[in-house]
Amino acid sequence: MNRAFASRWARNVFLTVCGLLVMIYIGSRFFTHIDLALYGYMVGTVVFIGGFFYRFMAWGDRPPTRIILKKGMRLLFRRSTPKTAADQLVVYRFIWNRGWYRWLQHILLGWGCILSAFVTFPLVFGWMYFTMSDNGYYTVVGFGIDLVRVKADGILAFLFYNALNITAFMVIGGVCMALYRRVRNMQARAEQSFAYDFLPLYLLLFISITGLILTFNNIFLDGFAHPVMSMIHQWSVIITLIYLPFGKLAHIPFRPMSVLARNYREHYAEKAPKACRVCGTHFVSEEQSQDVVDVLKQSSLEFVTEEGYHLAELCLPCRRKYRMSRFTGVPTHQIRVKESNQNAKG
Amino acid sequence: MPKDKFFKEVENKRHPGERLVPTHCSYCGMQCGMNLRVDTAANRIIGVEPRYDWPVTLGKMCPKGVTAYQQTNHDDRLMKPLIRDDRSLRGTKKGFREATWEEAYDLVVRRFRELQSSYGADSLSVFSGVSMTNEKCYLTGKFARVGLRTRYIDYNGRFCMSSAAAGFMRTFGIDRGSTLPWTDLHETDCLFIAGSNTAECHPTSMFRIWEVQNRGGYLIVVDPRETPIARRADVHLDLRPGTDLALANCMVHLLIEGGYTDKAFIEAHTSGIAELAELVKAFTPEYTSEITGVDPDKLRRAADIYGKAPNAVVMFARGIEQQHKGSDNVSAYTNMCLVTGKIGRPKSGVATFTGQGNGQGGREHGQKADALPGYRKIANPKHVEEVAKVWGIRPEEMPQPGVSAYEMFGLMKEKTIRGLYLLCSNPAVSAPNLNEVRAALMSLDFMVCSDIFLSESAEYADVVLPSTTWSEDEGTVTNLEGRIIKINKAQEPVGESKPDWLMQVELAERLGRGEYFRHLTSAQAINDEFRLASKGGYADYYGATWEKIDRQQGVFWPCKDEQDPGTPHMFLDKKFYHPDGKAKLCALPYRPPAEEPCESYPLRLTTGRVVYHYLSGNQTRRIPFLHAMCPEPFVEVHPETARLYGIEHEEIVKLRTRRGQANFKVKITEAIRPDTVFVPYHFGHDESVNLLTIAALDPMSRMPEFKACAVQIDKAPQGQPLQAAK
Amino acid sequence: MKKHLYIEMDNCIGCRSCLAACTQCGGHDERNRNYVYDVNPLVNRQTIPLMCLHCVNPACARSCPAQAIQVTPEGAVLSALVEKCIGCQNCTIACPYGIPKFDEEQNLMYKCDLCYDRTKDGIPPMCASVCPTNTLQWLTEEELQEKQERHKLGKWTASHIPDHPLEGETNVRISLPGILQGVQKLF
């Protein structure tokens, strides 16, 4: 099978695109409900899949990434996974802990984008469409199954038509917050670059605004310039999709890795915690300590102490005190005295 | 001023929406330059940025300085006047209610008037401090004498700089803490530093001090503890606490014996050599070693180095000054400069490390019981006349000299003093023999305290007035070099807080003394009057205008008029300030500490500071970073002593003297003499080491002997571990 | 002009001003990223600061599965990019000096970034700006050269050389205790 493809990348892309086609075939009732006005998105999606696999596989090939991916995937079905995933991927608890501003910005941006995708792509692939059998009622069809009947002028229907408008406002709000932070925050100003930090924000802003203009034209201007705006909007989405795996927005599809990392740390720490070679404190898992040693070896980094331990086997305070001993000859790491506070906040 | 070798041209980091206000630190006498970062829209101090172009410290700051800005908008700041109606709650934080300024002023004025009409003008007292600007220090002296018309005013410099002042006055006839600017220090060839834990108390001097060694010069440190500066010293004279006078006499003995004296200089510019030479004869290294416990060879080596050095600076601090012979120690160490002629020229001289921010300026302008602005004396009718003229009172109206800080507490207990106006000080932590002091505060009929936080001393007050931090007002301060510098205002006062000078002007108005204070409507106006009041005095500030301070990056006093650029180096003309123009060599017989170890109290207790806290800790203990770094006091014990008592690192023990006791956590270290224990004094309530210290006063300076008393360690009884004081 | 952080260990007095100042850097979120150690706490007061040494081949970045740790053209090894850090803590285990700190709540690693917002504009980092003893200095290549010659310093810019005080080439230069060895006394 593997020899049938030029590379693993080609294989993965081929299989994914085929899978997608099958899904479209089924979802759209054998291609009967494809909205051909949206074909551009389909092309964009295929290109995105190619780019995504290219980037993800290059990334996953790095030794430290491979370890966490492999071991994390094996542990995917831990009991704590749903909670970890909800914390990290749904409510962004860790970002909340970094401050309410960034949390709100991420909720707006993140969920604005995700909800938009949940509305747009089922429509594009014909997985979801609306039919009107009775007057005044729409039937929402998902994967060929009638899901729900909604009153055409009801609240639910209103939300369905305007979903993308609402998410557009969310994204615009989030982008504005992000831009404001990038202008004010000194560290952000120091590290940011246009291509990496600003471009994706402008792209999202462009998509949202052109989308809203589309709605505006339809409602207030009787569809004035609709085809042109529609093309501009469609192209802005396609360009963003193509760009997505290669810029800052890549952290969206890669974020689930943090769930894997958490599982990896929790599982192995329960199984076999690593005791510091000097003071005996548990500070990590045996597995991770060894994995890091192995990973570093592949980068030709090997830190061995006088006693023959690898430095990754020492807890952090002992490792720092061991450095004192290297600087002075005094065995600081062997002196059993509580270290002075090193983490006082300003 | 020429830039020294450490100076580097650096642009400051500027953040959008912020401005930088150049000023100085709120804490010690180094008065390190700093820029406060102020949010322009909110007009609020939000951070600090180094002031790279300040010539003394070049942007350097200790951890206190870095975090000093956090005082201004601290949650604990007093926002409104507080009144306590229930007097039985004094000595606690309880029972205060917020009041308006009018109500607080009315109460203060009513009670002051009642006390003065029943018990006389002198029944009121003012206890002040020198962590505030010259303008405030000056006005406080005037307020006591003109506003309250009491003789009883003194200040916390009695626990700080008074010995240095008295010693220098006796030797030179003038008291400027340093005879040379700090920018000379790194160019000298030998530093002889006695009783100064410089690395912890004046850290931003350290880069200059290390540079002396890097250049091949010598560092001699006299200290019972191996402090971070003593660790790297070429010679560390680890003497017993309280024996400095013997060591200083021995140094002079060895300098004479080694032929290091400058006979021409002694002849022309000093008096008293014969008596001195006679007295120090007895202080051979061997005899001195018996008293001080220092190896005779180390004494010889130290004297040789100092004697041979082409240029040398003798420096000292509270270690030698906070003794009941503190002023003698100052004069005795200064003798070293005089017999060798290493004074009155650049890169040589003598300096004391001023403790408080304005310890120098604050003692010159009339907050002392016996002094008037410009270092004038109340005992001198001509001086009184000069000041009375500026103040617009008749000379007869000038109150008589009062008593020193610690003695005021005695008068409170005797009911001679019945009312107290306390500002800018926290004697319930910083005074010696605290059980007595706290009882004295309890015995007051009325006490008003002005502070930025509710200090331990404010707990004894009936009325607490919210004062401003240094960053909410402007004015001048005189740093440890004698350089007058400018503090700038960075934000408006928080809440309803007011600067102390404004409170005094407003109180004076209500006391019916407004005519003497009404014109003082700003710090600048006070500065104008105060420069005039100092004109012609020893400490002449007349020419030190705010404009000149900005232009010259500080002005060294004396600065007599507009043309005078000031006096960075003292005595360049070899003229001293005694009537004969000569410096006095003082022959000072050795006296042991007031309380020597005995069978019941076999160890010596000495006190001092840690780098994270300032004085009573009222400010620094509230700063999260500083508190996290040093949350509680400890007692340093030598491992040999610990073995003898069977105590271990981190164990809690009880320290006991004839005056009091307190529990402390043990810190074992070989960096202290086995016969001595050390406790830092920054902590309040039952964590105060000053519950144990002795109030033996220096006869000249009235400085208590914080640095040496006899103590015993009690280990916890079996099975009943002691609780750390809280 | 490339500048280096230079640590003259013998000067340290343990005031931890560098830690306090670290919290004041524009983007440091009021958390300090450095360490100061008592070398022999029961014996003397010697202290030494330990900062990120900004390795030329940084183990933290090599061990990061998310490529979150960037190295700037000037050689500063930055804190983990917040959007990339997945909280695995490999970097804290990999660093031979134990430098990176980890915030469990924020699921985020943070470390010394040499005050990149300052140093990229040629302004010294906060720690070296405030250090009252010149233990931490911000030096040009020429000034470092001078130090090296003056103190007869070796490969590590150290005043006396045990076999291997460090684990690899670093952008931060150090001088081990004993700076006064070989100083010619004036008299």
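Only a predicted model underlies this, so the values are computations on that prediction, with no experimental measurement involved.

Moving on: the sheet that holds strand β9 (residues 173-175) of chain C. Residue and element names in this part refer to chain C. Taken in spatial order, the three strands make up an open sheet running β8-β1-β9, and their pairing is mixed. The outermost strands of the open sheet, each flanked by one partner alone, are β8 (136-140) and β9. Taken over all neighbouring pairs, the strand axes of this sheet differ in orientation by 30° on average, direction set aside. Pairing between strand β1 (residues 3-8) and β8: five bridges, direction antiparallel. From the neighbouring strand, Ile-7 faces β8, where its bridge partner is Leu-136.

As a further point, take a negative patch on the surface. On the surface, a cluster of negative charge is made up of Glu-141, Glu-142, Glu-146 and Glu-149 of chain C. Take Glu-141 of chain C: its relative accessible area is 36%, and that puts it in the partly exposed class.

Let's shift gears to a nonpolar patch on the surface. Residue and element names in this part refer to chain A. A surface patch of nonpolar side chains, about 960 Å² in accessible area, is lined by Val-22, Met-23, Tyr-25, Ile-26, Phe-30, Phe-31, Phe-143, Ile-145, Leu-147 and Val-148. Elements supplying a minimum of two residues to the nonpolar patch: α1 (8-27) and β3 (145-151). At four residues, the largest contribution of residues to the nonpolar patch is made by α1. Considering the arrangement of structural elements, one finds Phe-143 in the loop between β2 (137-142) and β3. Residue classification places Phe-143 among the partly exposed positions, given a relative accessible area of 34%.

For the rest of this paragraph, the subject is the domain arrangement of chain B. For an interface, size is often stated in terms of accessible area lost upon the parts coming together. All names here are of chain B. Domain annotation for chain B reports domain 1 (18-67), domain 2 (82-159 + 359-556), domain 3 (161-352) and domain 4 (603-715). Taking the mean C-alpha position of each, domain 2 and domain 3 sit 34 Å from one another. Taken together, the contact between domain 2 and domain 3 spans 14 residues of the former and 16 residues of the latter. When the two sides are added together, the surface that domain 2 and domain 3 hide from each other amounts to roughly 1,300 Å², 54% of it contributed by carbon and sulfur. Three residues stand out in domain 2 for area buried against domain 3, namely Arg-363, Leu-480 and Glu-481, and they jointly supply 40% of the buried area on that side. Linking domain 2 with domain 3 are one salt bridge, by the criterion used here. A salt bridge links Arg-363 to Asp-175; its shortest N-O distance comes to 2.6 Å. Summed over the shared surface of domain 2 and domain 3, the number is nine residue pairs in polar contact (both at pLDDT 80 or more). Looking at side-chain class alone, the side of domain 2 that touches domain 3 contains five nonpolar, four polar and five charged residues.

Moving on to the UniProt feature "domain: 4Fe-4S Mo/W bis-MGD-type" (unreviewed entry) in chain B. Per the UniProt record, the feature "domain: 4Fe-4S Mo/W bis-MGD-type" (unreviewed entry) sits at residues 18-76 of chain B. For the annotated span residues 18-76 of chain B, helix accounts for 8% and strand for 36% of the residues, and the straight-line distance between the end C-alpha atoms is 25 Å.

All names here are of chain A. Two elements in contact, helix α3 (residues 63-74) and helix α13 (residues 286-298), have axes separated by 9 Å at closest approach and are oriented at 150°. One element, α3, and the other, α13, form an angle in the roughly antiparallel class. Relative to α13, α3 is oriented so that their crossing is right-handed. Together, Pro-63, Pro-64, Ile-67 and Lys-71 of α3 and Glu-287, Asp-291, Val-295 and Gln-298 of α13 make up the contact between the two elements. Here the contact of α3 with α13 is composed, by residue class, of four nonpolar, one polar and three charged.

Procedures and definitions
- Residues numbered from 1 in each chain as written.
- Chains lettered and ligands numbered in written order.
- Predicted model: local features only at pLDDT ≥ 70, side-chain atom pairs only at ≥ 80, totals over all residues.
- Heavy atoms only, no water.
- Pairing = 2+ DSSP bridges.
- Helix = DSSP H or I, 4+ residues; strand = E, 2+ residues; numbered from the N terminus.
- Axes fitted to C-alpha atoms, helices over the stretch in contact; angles between N-to-C directions.
- Patch = residues over 30% accessible without salt bridge, like charges linked within 9 Å, V, L, I, M, F, W, Y side chains within 5 Å.
- Areas by Shrake-Rupley, 256 points an atom, 1.4 Å probe, with all protein chains shown as cover.
- Salt bridge = Lys/Arg side-chain N within 4 Å of Asp/Glu carboxyl O.
- Lys, Arg positive; Asp, Glu negative; His and termini not counted.
- Charge placed at Lys NZ, Arg CZ, Asp CG, Glu CD.
- Buried < 20%, exposed > 50% of the residue type's maximum accessible area, 1.4 Å probe, protein only.
- Domains from an automatic or database assignment.
- Contact = heavy atoms within 4.5 Å.
- Buried area = accessible area lost by both parts, 1.4 Å probe.
- Polar contact = N/O pair within 3.5 Å; in protein donor to acceptor, adjacent residues only side chain to side chain.
- Nonpolar A, V, L, I, M, F, W, Y, C, P; charged D, E, K, R; others polar.
- UniProt positions renumbered as here; feature names shortened; annotations may be inferred.
- Parallel < 35°, antiparallel > 145°, perpendicular 65-115°, else oblique.
- Left-handed = near helix turned anticlockwise from the far one by under 90°.

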